[in-house]
Each structure stands twice: as C-alpha cells, then as structure tokens.
Amino acid sequence: MGKDRVAVVGIGQTKHQATRGDVSMAGLVREAASRALADAQMTWADVDAVVIGKAPDFFEGVMMPELFLADALGATGKPLFRVHTAGSVGGSTAIVASQLIQAGIHERVLTVAFEKQSESEAMWALSLPIPFTPPLHAGAGGYFAPHIRSYIRRSGSPDHVGMLVALKDRQNGLKNPYAHLHEPDITFDSIKDSMMLWDPIRYAETCPSSDGACALVLGSEKVAEAAAAEGRQPAWIKGTAMRSEPTLSAERDTVLPLGGALCAADVYKQAGITNPRKDVDCVEMYVPFSWFEPMWLENLGFAEPGDGWKMTEEGATALDGDLPVNMSGGVLCTNPIGASGMLRFAEAAMQVRGTAGDHQVDGARTAVGHAYGGGSQFFAMWVVGADKP
Amino acid sequence: MRDIAVISFAQTPARRKVAELNEVEMLMPAVHTALGQVDMTIDDIGFTCSGSTDYLAGVGFSFVSTLDSVGPWPPIQESHVEMDGAWALYEAWVKLQLGELDTALVYCYSKSSPGDLPMVLTRQLDPILTGPLWPDSVSLAAVQAQAWLDAEKGTEEDMAAVAARSRRSALDNPNAQLAWDRSVEDHLADGYHIAPLRKGDCPPITDGAAAIVLAAGDVARDKVERPAWIRGIDHRIEPIHLGLRDLTVSASTRIAASKAGVADGPVDVAELHAPFSHQELILREALDLGDDVSVNPSGGALAANVMMAAGLIRIGEVANRITAGEANRGVAHATSGPCLQQNLVTVLEGDA
C-alpha cells in the first residue's frame with residue numbers, strides 16, 4: 001500500500017504532419033513506441049504492460065482500435081489498457097500508466113497515445129450536438145470562441161495578445177524537428193492578416209489537424225535509478241492529478257474552470273509547489289487556440305485572474321522568459337488530438353531530462369505538463385522533476 | 001495489496017431495446033441505486049471511472065454527456081475507458097491501491113439496439129486486412145466453435161447443455177432478458193443459425209447499464225456486513241488475428257487466472273462472460289474450474305449481454321452472492337474483442 005516512485009525513462013514521438021500516408025495506424029504507434037523503447041534502452045520484451053489512449057474512435061473509423069493494435073504494440077500475453085477522456089486523454093493515459101507502477105503492480109509500462117486525423121474530417125467530427133443548445137457551431141473553435149470572447153471582456157486584455165501567443169508558439173515550433181507546422185516566414189502581421197475563422201480566433205491562431213503519436217516508457221524507482229546510473233536522466237513524476245466537470249451545470253465557469261484550478265492545486269501540493277510562478281521552471285500546456293495561454297496561466301495559478309495576458313505581453317512565457325510556456329511549439333504547431341496531451345507531458349519530461357534540443361530551457365529542474373478536454377471540463381496534469389522526490 | 005471490496009452493485013433490467021430513454025436516463029437508476037444501497041452520494045466517492053464505447057452510442061465523446069448522470073459538481077476525480085466496465089473497475093482498483101482514496105464508483109452502459117450489432121462489431125477488426133470483408137461477430141464465433149469441435153474439445157450436445165442451463169438459471173434472475181426452461185433435445189432440434197451455432201448458442205442483443213461501488217478496508221466493513229473482497233485481478237490480451245491464435249483455448253484467460261490467483265483456493269461460484277455457449281467451455285478449461293463450481297447462476301451473457309457492461313455485471317453477480325453469504329469465494333471473468341481476444345479475471349472472497 002502507498003505510492004511507489006515512478007519516472008519517465010524513455011520518450012518517443014513521430015514526425016507529426018497533416019497526413020502520414022506512409023504509415024498505417026499500427027505503423028504510426030510503432031514509430032513512437034520504438035523510439036521510446038530505444039531511448040529507454042529496452043526492447044518490447046522488457047515491457048510489463050501497455051496503456052494506450054486516443055480520442056474518439058470515429059476519427060479513424062475503427063472501434064476500440066487497441067484490439068487490432070495489440071499485436072503491433074507487442075502486447076500479446078500482457079495487459080493492454082485503453083483510456084479515453086476526451087482531449088485530455090494523452091495526459092490521462094500517462095497518469096493511468098504511472099499508477100500501475102505507483103501501485104507496485106508493474107516495473108516497466110509502455111504508454112502510447114495517437115491520432116490519425118487524416119483518416120477523417122476532424123473539424124466536423126468535433127462539431128457535436130450540445131443538448132438544449134442551437135446547433136450553430138462548427139468545429140471546436142466555434143465552441144470555444146465565446147469562452148475566449150468572454151475572457152477578453154472580463155480581463156480587459158488588448159486584442160493583440162492572442163496573436164503574440166501564436167507568433168511565439170509557431171516560432172518555438174521551428175526549433176522542434178517533430179512539430180507539424182514549420183512556418184519560418186510567420187510574422188505578427190501575417191497572423192493579423194490571416195482569415196478570421198471564429199471571431200476572435202484567426203486561422204493562424206488555430207491548431208492544425210495532425211497525424212501523430214507519442215510514447216513514454218515509465219519505470220519504477222529501481223528502473224529509473226539504473227537509467228540514472230548509466231547517465232540517462234530520469235524525469236521523476238512528482239505529482240499527477242485529474243479532475244472532471246459536468247457538461248450541463250449552471251455553476252460552471254468555462255473561462256476559469258474550477259476543475260482546472262482544483263487539478264492544479266492538487267498536483268502542486270503533491271509536488272511541494274507553493275509558488276507556481278517561482279517554483280516551476282517551464283510549462284507545456286494545452287493551447288489549441290492562442291487565447292488559451294493567458295486563460296490557463298490564470299487557471300493554473302501562474303497569474304491572478306485577469307492578469308494572464310500581461311505575462312504573455314511582457315514576454316514572460318517566451319523561451320527566454322522567466323516562465324517559458326509551450327517550448328515545443330505546443331498544440332498550435334502539432335495536434336493529433338489523442339496524443340496532444342501526452343506530447344505536453346512528454347515535453348515537460350524532456351525538459352527536466354535535458355533532452356529537449358533546440359527548445360531546451362536552460363537548467364530546467366521542475367516542469368508542468370497540462371492537458372484539457374471536452375468543453376473545458378476534463379483536466380489532467382503532472383509535475384516532473386530532475387530530482388528524485 | 002490493499003484490501004478493496006465490492007460493497008454495492010446495481011444493474012438495470014436487461015432489455016432488447018430501451019427506446020424511451022437516452023443513455024444518461026438509462027444509466028441514472030444503476031448509478032444511484034448502487035450509491036443508495038450503501039447510503040452514499042457522489043460526494044462520498046473518491047474516484048469515479050466508467051466504461052463505454054462511442055461506436056454503440058453513434059457519437060464521438062458520448063461518455064462526456066453520461067458523466068452528467070452522476071452529478072459531478074463540484075469537480076470530481078474521474079476517468080473513462082473505452083472498454084467494458086470491468087476494466088473501469090480495474091482502473092479504480094489501481095487508484096484505490098495508492099492509499100489516498102477509500103471509495104470508488106464504477107459504471108458502464110450501452111445501447112446496442114440502434115444499430116446492427118454483429119455488423120457494428122466488424123469495425124473492431126483490422127481495418128486493412130479483415131474489416132473490409134465485414135465478417136460479423138456471430139460468424140467469427142462460429143469459426144471458433146467449429147475449430148473447437150474439430151479439435152474434439154467437446155460436442156454440440158455440450159454446447160446445448162450450456163445454453164439450456166444458462167436460460168434455466170436466468171429464471172431466477174429478475175434482470176435477465178432470456179429465461180426459459182427448454183431441454184437440450186429441443187435446443188438441438190433447432191436448425192443452425194450460423195453453423196455450428198444455433199440461435200440458442202448465441203447471446204441476445206441487450207440495452208442496459210450497471211454500476212458498482214468499491215471501498216477499502218474499514219470503510220467497506222462499515223458499509224456492509226460482508227464485503228466481497230477483491231483478492232486478485234488481472235487482464236491479458238492476444239492478437240486480434242484469428243490465425244495467430246489457437247481459438248480452441250484461451251491463453252490470455254489462463255495467464256490472467258494465474259496472476260489473479262484463481263487456483264489459490266476453492267471456487268464456489270464463477271460468472272463467466274461467455275457470449276457464445278462453446279466459449280463457456282473454453283473458459284472453464286482455461287480457469288481450471290471443477291465440475292462442482294456453480295457457473296453463471298445469473299444466466300450469464302447468454303441470458304443478457306449488455307455490451308461494455310456484461311463483464312462488470314459478472315463481477316457484481318459474484319459479489320452479490322458473496323455478500324449474501326451464498327458463496328465464500330468466486331471468480332468473475334470479462335472479455336472483449338472477437339473470439340475471447342482480451343480477458344480479465346477477478347477473484348472475490350468473503351471474510352471467513
């Protein structure tokens with residue numbers, strides 16, 4: 001009983017792009033998983049259990065695809081577990097996997113998340129009927145645009161903050177070889193001139209639709225210490241948390257969701273973080289539309305409500321700021337929905353392992369990974385650190 | 001491991017078609033009966049986990065709306081698996097092992113009635129090699145049954161006996177969908193549905209929901225006189241491709257049974273998630289169950305087969321018998337995928 005220590009000891013991801021026509025779904029997940037295993041210096045045989053996550057099965061047109069992917073994931077004779085918690089699923093999947101080690105059930109768990117959105121039309125797949133609501137929105141942007149409009153009104157933020165986020169994230173993405181969007185010519189003006197899709201969200205402030213997968217190898221304390229002894233820094237998991245809210249509830253505030261705030265408070269408490277702005281070195285958060293950066297900065301306690309946009313405007317969230325946000329380029333550069341949460345968690349782990357390459361934050365010791373889903377109602381977070389908790 | 005018990009189980013009556021209720025409405029009685037039986041509300045629950053599939057609901061993110069049935073406000077710790085509720089229970093059991101929370105709510109549901117279930121299930125198959133052939137789930141089970149007969153593991157009479165016994169047992173189960181007393185001879189007199197399966201060898205198509213409340217240690221003891229303790233739980237998978245497996249045995253069930261410790265004590269009762277009659281016999285062998293074990297006293301999946309819930313219902317049925325003092329130690333099994341591809345085994349036990 002109680003919680004055993006657990007760490008990320010291997011990370012892999014695919015090259016993300018609009019259509020990965022060169023691989024099947026099985027090929028896509030194997031590309032990420034093989035890289036994670038190679039990074040962990042393990043083989044398929046070393047894995048005790050596999051935990052896989054993805055968003056709706058209709059995106060690829062295969063019902064419960066983990067059943068047919070079992071073979072490709074080397075899961076024969078092993079436990080294979082499938083998580084689905086909407087857009088937060090990549091994060092939730094990693095958390096469920098980590099608990100198998102914390103509970104002392106397994107030593108080495110492979111966790112994989114993917115989406116192959118080119119198999120369908122994701123925008124319409126996300127245009128779901130909302131009970132008791134006129135069917136007026138098209139795509140997730142249509143759903144979230146009123147939340148953003150409400151944020152701007154409540155915070156008094158100037159209109160250009162969203163464009164600053166988009167410019168920063170797309171420029172960060174240029175440093176990430178796996179990112180889907182590489183737009184070297186992007187400028188503030190090119191973002192400003194891009195088409196208004198869902199006012200106030202412009203085309204260039206919107207995430208792409210990607211094919212991609214991410215995989216992590218999680219190891220017990222023994223496994224992580226063995227990796228450390230060979231000079232491979234583990235990313236120790238210092239806290240994990242999930243929270244969910246209802247779809248229909250008059251009490252909900254979708255601009256500053258209580259579920260997100262409770263999730264952050266829980267995970268900080270576990271990690272011993274008392275002043276998030278000071279104690280955290282960098283954050284990968286789930287920002288599918290530019291304005292969610294200032295919104296989540298407030299929701300996760302990095303800024304007071306109404307002040308998140310000031311951090312963005314001051315450059316605090318830039319790669320060389322005091323709290324870099326979305327060093328990888330984030331969801332704005334890469335969005336295979338089912339994998340997007342795990343990519344956030346993976347980037348946080350890469351930062352504290354010191355393996356983030358050109359988007360490495362110097363001296364990052366403590367990093368936060370964050371994912372959300374549904375109508376801003378499902379939240380998953382973890383805190384990872386270079387130091388053993 | 002930490003002592004975790006099933007302290008409450010509720011299910012809706014299995015029905016061929018629940019047309020007048022949406023999924024949220026269909027689920028609510030199961031969730032709130034399970035909570036009410038142990039005098040709890042969602043505020044008393046530490047962790048909630050559900051199992052369902054979008055493909056039966058016919059809409060992406062279908063579980064998002066059904067979460068509303070539990071009334072998750074203020075926000076709760078919650079997760080969802082695109083699997084049978086038995087796996088949702090597994091996640092909840094793992095979560096409670098961490099020692100931070102003492103209670104969990106597990107629920108699951110599905111309506112298979114709006115679509116053509118055997119055709120819908122073809123969408124689970126390899127989308128490149130097998131799916132385009134649209135081999136329906138009953139035909140795949142028939143392939144397995146024929147392989148099992150060809151291997152001389154048993155006979156059509158053995159299958160008929162399972163079918164007849166299951167529907168007879170279901171007469172005592174008010175939630176069952178198919179319940180009757182019909183002889184093996186009558187069953188065998190029927191023509192083949194998809195050879196070698198007769199209609200009676202196949203499960204019904206069912207709409208329904210189920211929920212379980214788990215509690216740890218003293219919380220469980222405070223709530224019920226005789227908690228059904230989870231002594232072991234494990235699940236394993238095999239490749240989906242039928243050609244990569246010996247269909248006449250269940251290798252993954254055998255591993256899960258060993259890890260869950262089925263053989264560590266006598267088994268009084270077993271609830272096996274065997275949608276087709278021959279599959280019960282394959283599972284009995286994989287679990288090494290003796291002839292003295294009471295198998296599927298509820299009627300099993302041959303009497304009511306709520307997709308995504310039939311596995312959790314097996315756990316609930318065993319737990320109820322332990323809590324009622326009718327059994328001391330039991331085995332519950334859940335399956336997923338074509339021809340018993342993925343299997344979960346739970347061992348439950350009452351206090352001596």
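Within every chain, residues take consecutive numbers counted from 1 along the sequence as written. Chain labels run from A onward and ligand labels from 1 onward, assigned in the order the entries are written. Confidence filtering applies because this is a predicted model: local features only for residues at pLDDT of at least 70, side-chain atom pairs given and counted only at 80 or more, and all residues used for totals across whole chains, interfaces and linings. The basis for every side-chain value is the complete set of non-hydrogen atoms in the structure, without hydrogens or water.

### A few points about the overall build of chain A
Across its full length, chain A holds 14 helices and 11 strands. We take the radius of gyration over the C-alpha atoms and set the globule estimate at 2.2 Å times the residue count to the 0.38 power. At 19 Å, chain A has a C-alpha radius of gyration in line with the 21 Å of a compact globule built from 389 residues. When its C-alpha atoms are laid out on the principal axes, chain A stretches across 55 × 45 × 45 Å. Counting every position in chain A, which comprises 389 residues, the buried fraction comes to 65%. Counting every atom, chain A has about 12400 Å² of accessible surface; 52% of that belongs to carbon and sulfur. Counted charges follow a simple rule, with Lys and Arg positive, Asp and Glu negative, and His plus the chain ends left uncounted. Here the site of a charge means NZ on Lys, CZ on Arg, CG on Asp, or CD on Glu. For chain A, the distance from the average site of its 32 positive side-chain charges to the average site of its 45 negative ones is 3 Å. Only DSSP runs of H or I covering at least 4 residues are called helices, and only runs of E covering at least 2 are called strands; the numbering of each starts at the N terminus. Only protein chains enter the accessibility calculation, which uses a 1.4 Å probe; a residue whose area is less than 20% of its type maximum is buried, one above 50% is exposed, and one in between is partly exposed. For the accessible areas, the method is Shrake-Rupley and the probe is 1.4 Å, while residue cover comes only from the protein chains on display.

### Some words on the packing of helix α3 (residues 89-102) of chain A against helix α14 (residues 337-353) of chain A
All names here are of chain A. Orientation is described by lines fitted to C-alpha atoms, with helices fitted over the stretch in contact, and by angles between N-to-C directions that extend from 0 to 180 degrees. Between α3 and α14, the least distance of the axes is 5 Å, while the angle of their chain directions is 60 degrees. Between α3 and α14, the angle falls in the class oblique. Contact residues: Val 89, Gly 90, Gly 91, Thr 93, Ala 94 and Ile 95 in α3; Gly 338, Gly 341, Met 342 and Phe 345 in α14. Residue composition of the contact of α3 with α14, by class: 5 nonpolar, 5 polar and no charged. An angle below 35 degrees is read as roughly parallel, one above 145 as roughly antiparallel, one from 65 to 115 as roughly perpendicular, and any other as oblique. Residue contacts follow a heavy-atom distance rule, with two residues in contact if any of their heavy atoms lie within 4.5 Å. Side-chain classes follow a simple rule in which Ala, Val, Leu, Ile, Met, Phe, Trp, Tyr, Cys and Pro form the nonpolar group, Asp, Glu, Lys and Arg form the charged group, and the remainder, Gly included, forms the polar group.

### Regarding the environment of B:Ser250
Residues and elements named next belong to chain B. Structurally, Ser 250 is set in the loop between β8 (228-237) and α10 (251-260). For the pair Ser 250 and Glu 280, spaced 30 residues apart in sequence, the C-alpha separation works out to 11 Å. Setting aside residues no more than four positions away along its own chain, Ser 250 makes contact with Glu 238, Ile 282, Leu 283, Ala 286, Leu 340 and Asn 343. Two N or O atoms count as a polar contact when they lie within 3.5 Å, although within protein this holds only if one can serve as hydrogen donor and the other as acceptor, and sequence-adjacent residues are included solely when both atoms are side-chain atoms. There is a polar contact of 2.6 Å between the side chain of Ser 250 and the side chain of Thr 253.

### Side note on the interface of chain A and chain B
Taken together, the 55 residues of chain A in the interface contact 59 residues of chain B. What counts as buried area is the accessible surface, traced by a 1.4 Å probe, that two parts surrender upon association, with contributions from both included. The junction of chain A with chain B conceals about 5000 Å² of combined surface from both sides, 68% of it contributed by carbon and sulfur atoms. Throughout this description, the term salt bridge denotes a Lys or Arg side-chain nitrogen within 4 Å of a carboxyl oxygen of Asp or Glu. Note that A:Lys3 and B:Glu100 form a salt bridge whose closest N and O atoms lie 2.9 Å from each other. Remark: the boundary between chain A and chain B carries 17 residue pairs in polar contact (both at pLDDT 80 or more). When residues of the side of chain A that touches chain B are traced back to their parent elements, those giving at least two are α2 (66-69), β3 (80-83), α3, β8 (235-244) and α9 (258-271) of chain A. Looking at the side of chain A that touches chain B, its residues break down into 28 nonpolar, 16 polar and 11 charged.

### Observations regarding a nonpolar patch on the surface
Two distance rules govern patches: like charges are joined within 9 Å, and nonpolar side chains (Val, Leu, Ile, Met, Phe, Trp, Tyr) within 5 Å, applied only to residues with over 30% relative accessible area and no salt bridge. Taken together, the side chains of A:Met195, A:Leu197 and A:Tyr203 make up a nonpolar region of the molecular surface, amounting to roughly 340 Å² of accessible area. You can see A:Leu197 is positioned in strand β5 (residues 196-198).

### Quick word on the pairing of strand β4 (residues 103-111) of chain B
Residue and element names in this part refer to chain B. For β4, the tally of buried residues reaches 9 of 9 residues, placing the bulk of the element in the interior. Burial along β4 is two-sided: the face carrying Thr 103, Leu 105, Tyr 107, Tyr 109 and Lys 111 and the face carrying Ala 104, Val 106, Cys 108 and Ser 110 are both buried. Pairing between strands is defined by DSSP: at least two bridges between them are needed. Here 9 bridges tie β4 to strand β7 (residues 207-216), and the two strands are oriented antiparallel to one another. Opposite Leu 105, over in β7, you have Val 213 as the bridge partner.

### Re the pairing of strand β12 (residues 342-349) of chain B
Residue and element names in this part refer to chain B. The element β12 is largely enclosed, with a buried count of 7 among its 8 residues. Note that β8 and β12 share 8 bridges and pair antiparallel. Across the sheet, the residue bridging to Gly 232 is Val 347, located in β12. Taken together, strand β11 (residues 329-336) and the strand that follows it, β12, pair antiparallel across an intervening segment of 5 residues, in which Gly 337 is found at a positive phi of about 85 degrees.

### Topic: the pattern of salt bridges
For the structure shown, the criterion picks out 44 salt bridges over all chains. B:Glu156 is the partner of B:Arg198 in a salt bridge, and the nearest nitrogen-oxygen pair spans 2.8 Å. Placement of B:Arg198 in strand β6 (residues 197-198) and of B:Glu156 in helix α7 (residues 156-169) is noted, with a sequence separation of 42 residues between them. What makes B:Arg198 buried here is its relative accessible area of 8%. Taken together, the salt bridges that share partners define one network made up of A:Lys54, A:Asp57, A:Glu60, A:Glu66, A:Arg82 and A:Glu115.

### Some words on the nonpolar core
Across soluble globular proteins, nonpolar side chains have a tendency to be buried as a group. Nonpolar core, defined: a set of buried Ala, Val, Leu, Ile, Met, Phe, Trp, Tyr and Cys residues in which side-chain atoms within 4.5 Å join the residues together. Core analysis: the biggest nonpolar cluster contains 131 residues, and A:Tyr268, A:Phe302, A:Trp382 and B:Leu214 have the highest contact counts within it. Of the residues forming this core, the biggest block, 10 residues, is contributed by α14(A). Domain limits in this description derive from either an automatic procedure or a database domain assignment. In terms of domain composition, this core takes at least three residues from each of domain 1 (4-116 + 205-228) and domain 2 (123-204 + 231-349) of chain B. Of all hydrophobic cores here, the second largest spans 50 residues; its members include A:Met25, A:Leu67, A:Leu73 and A:Ala75.

### Quick word on the domain arrangement of chain B
Residues and elements named next belong to chain B. Domain boundaries assigned for chain B yield domain 1 (4-116 + 205-228) and domain 2 (123-204 + 231-349). On a C-alpha basis, the centres of domain 1 and domain 2 stand 22 Å from each other. In this assembly, domain 1 packs against domain 2 so that about 2800 Å² is buried in total across both faces, 66% of it on carbon and sulfur atoms. Taken together, the connections running from domain 1 to domain 2 amount to 0 salt bridges. Between domain 1 and domain 2 we count 16 residue pairs in polar contact (both at pLDDT 80 or more) in total. If you list the elements that add at least two residues to the side of domain 1 that touches domain 2, you get β1 (4-11), α2 (54-57), α4 (85-97), β4 and β7. The residue inventory of the side of domain 1 that touches domain 2, partitioned by class, reads 22 nonpolar, 10 polar and 6 charged.

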